[in-house]
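Residues per chain, in single letters:
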Amino acid sequence: MAAELGYGGAPESTRYAGDSGKIMTVRAIAYPRIWRVAAAVLITISGASVPVMLGAVLTRTRPITPQMLIQAFSVLAIAPAVAGWLIERAFAARLEIKDGALVIDRGEARVEIPCGAIARITPWVIPLPGSGLSLGLRSGRRVRYGLHLADPSVVLEMLTRAGGPQSALTLLQHPSVVYARAKHRARWRWYHLVFKFVVFALVPTLPLFRVQQLIVWGDPFGQYYLRGLQPYAQEFGLYWAQVAIALVLYAGVWRGLAEAAALLAAWAAPSRAARVRQVAEVGCSVLYYAGVPALLIRHFLPW
């Protein structure tokens with residue numbers, strides 16, 4: 001669910017050169033280890049709840065009311081995702097390469113690491129809470145912050161140009177970095193998600209709500225005629241929310257499968273990772289925007 005709603009990725013990387021041409025900046029999340037673990041657990045709970053809830057809806061032995069679905073979705077999916085997002089915001093940082101040093105600036109905390117003192121860079125094998133890098137120093141110590149990045153390749157290129165370890169160049173082909181780069185290029189914006197789960201949800205909501213009104217009240221506007229506008233609007237809002245949640249669960253399952261396929265492709269065939277990502281994104285769109293109307297039509301067919 002977190003991935004489908006856009007959570008679980010660092011802020012979009014941006015890079016610029018100052019007047020001297022020597023300053024480059026990237027937005028990141030600088031996690032201390034325990035907080036990275038906490039955020040990863042929250043993302044996992046949120047994501048794992050999606051197939052569980054969808055399975056419960058499809059195999060229900062007794063009716064599930066809109067209120068029950070909204071409560072379960074809020075507790076199991078939304079609450080962990082929001083908690084993870086709050087942790088992410090708390091450790092938001094800005095990375096700069098300035099005068100040959102990597103500067104991790106969190107506002108109230110600032111760490112400067114000479115690029116020449118960095119001995120090793122380790123991409124996160126499991127992209128939780130997202131893709132990122134860990135840094136080790138020549139002294140044997142490890143930088144206390146793990147860097148969660150939308151596209152780690154940007155930082156690897158920055159460190160290489162600033163005198164960091166030359167191994168950073170070879171890491172551009174690391175499966176985790178390849179996966180993150182392909183995912184970053186396919187990144188969705190918030191307004192895409194609003195259209196996908198709020199506006200498009202009206203496509204199944206309107207006919208299903210009409211049928212519900214006919215069955216319960218005997219007329220598409222029966223509740224409005226008998227009870228008034230407010231109860232009718234509240235009932236429609238609950239029904240709309242229920243359908244929107246069902247669509248998030250449906251899309252979330254396909255998104256999970258698509259991400260698994262993209263990650264597997266990055267490890268098995270890095271040169272094809274971008275193509276697999278493209279196919280996965282197209283597949284998710286087709287299964288959603290064509291699959292939902294198809295399922296709706298199938299629901300009304302007599303066979």
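Note that this is a predicted model, so its numbers are computed, not measured. (Residues numbered from 1 in each chain as written. Predicted model: local features only at pLDDT ≥ 70, side-chain atom pairs only at ≥ 80, totals over all residues. Heavy atoms only, no water.)

Chemist: Just to check I follow, could you spell out the overall build of the protein chain for this structure?
Modeler: Each helix and strand in the protein chain was counted, giving 11 helices and seven strands. With the principal axes as the frame, the protein chain shows a C-alpha extent of 75 × 40 × 40 Å. Long-range pairs, those at least 24 residues apart, make up 66% of the contacts in the protein chain between residues at least 6 apart in sequence. Total accessible area on the protein chain is roughly 15800 Å²; 65% of this is exposed by carbon and sulfur atoms. Of the side-chain charges in the protein chain, 31 are positive and 15 negative, and the distance between the mean point of each set is 7 Å. (Helix = DSSP H or I, 4+ residues; strand = E, 2+ residues; numbered from the N terminus. Contact = heavy atoms within 4.5 Å. Areas by Shrake-Rupley, 256 points an atom, 1.4 Å probe, with all protein chains shown as cover. Lys, Arg positive; Asp, Glu negative; His and termini not counted. Charge placed at Lys NZ, Arg CZ, Asp CG, Glu CD.)

Chemist: What's the story with the sheet that holds strand β6 (residues 132-137) in this structure? I'm lost.
Modeler: The pairing of strands in a sheet happens through backbone hydrogen bonds and is either parallel or antiparallel. Spatially, seven strands are ordered β4-β3-β2-β1-β7-β6-β5 in an open sheet, and the strand pairing comes out antiparallel. If you trace the sheet from one side to the other, it starts and ends with β4 (110-114) and β5 (118-123), each paired once. Between one strand axis and the next, the sheet turns through 30 degrees on average, direction left out of account. Bridge analysis of strand β2 (residues 92-98) against strand β3 (residues 101-105) gives five bridges, and the strand direction is antiparallel. Note on β3: the bridge partner recorded for K98 is A101. (Pairing = 2+ DSSP bridges. Axes fitted to C-alpha atoms, helices over the stretch in contact; angles between N-to-C directions.)

Chemist: Looking at this structure, how should I read the side chain of S49?
Modeler: Mapped onto the fold, S49 is located in helix α1 (residues 33-58). Here S46 takes part through its backbone oxygen, which lies 2.6 Å from a polar atom of the side chain of S49. Here S49 is in contact with L76 and A77, once residues within four sequence places are set aside. (Polar contact = N/O pair within 3.5 Å; in protein donor to acceptor, adjacent residues only side chain to side chain.)

Chemist: Mind showing me how you'd approach the nonpolar core here?
Modeler: What tends to happen in soluble globular proteins is that the nonpolar side chains get buried as a cluster. Of all hydrophobic cores here, the largest spans 29 residues; its most connected members are L95, L102, I104 and I121. Where this core is concerned, the elements lending two or more residues are β1 (24-32), β2, β3, β5, β6, β7 (145-148) and α3 (152-161). Take this core: its biggest share by element is five residues, from α3. Other than its neighbours up to four places away in sequence, L102 contacts L95, E96, I97, V111, E112, I113, C115, I118, L135 and L159. Counting residues in each nonpolar core, the second largest holds 26 residues, with V50, A201, Y232 and V243 among its members. (Core = buried A, V, L, I, M, F, W, Y, C linked by side-chain atoms within 4.5 Å. Buried < 20%, exposed > 50% of the residue type's maximum accessible area, 1.4 Å probe, protein only.)

Chemist: How should unusual backbone geometry be read in this particular structure?
Modeler: Peptide bonds are mostly trans, and most non-glycine residues show a negative phi. Backbone torsion omega between L128 and P129 reads 0 degrees, so that peptide bond is classified as cis. The backbone of D99 shows a phi angle near 55 degrees, a positive value even though the residue is not glycine. Since its relative accessible area comes to 70%, D99 is described here as exposed.

Chemist: What's the story with the packing of aromatic side chains in this structure? I'm lost.
Modeler: Any pair of aromatic rings gets described here by the distance separating the centres and the angle formed by the planes. One pass over the full model with this rule turns up 17 aromatic pairs. Ring centres 5.8 Å apart and planes at 50 degrees place the aromatic pair F236 and W240 in the tilted group. Of this pair, F236 and W240 both sit in helix α9 (residues 229-268), four residues apart, roughly one helical turn. In this structure F236 comes out as buried when scored by relative accessible area, which is 19%. Taking NZ or CZ as reference, R36 lies 3.6 Å from the ring centre of W124, over its face. Against the face of Y288 rests K196, its NZ or CZ located 5.0 Å from the ring centre. (Phe/Tyr/Trp six-rings, centres within 6.5 Å; stacked < 30°, edge-to-face > 60°. Lys NZ or Arg CZ within 6 Å of the ring centre and 35° of its normal.)

Chemist: What is the right way to look at helix α10 (residues 273-289) in this model?
Modeler: An α-helix turns once per 3.6 residues; consequently, residues spaced three or four apart project the same way. The terminal C-alpha atoms of α10 lie 24 Å apart, and with 17 residues this matches the ideal 24 Å at 1.5 Å per residue to within 8%. The inward-facing, buried residues of α10 abut α5 (175-185), α6 (190-199), α9 and α11 (291-300). (Expected span 1.5 Å × (residues − 1).)

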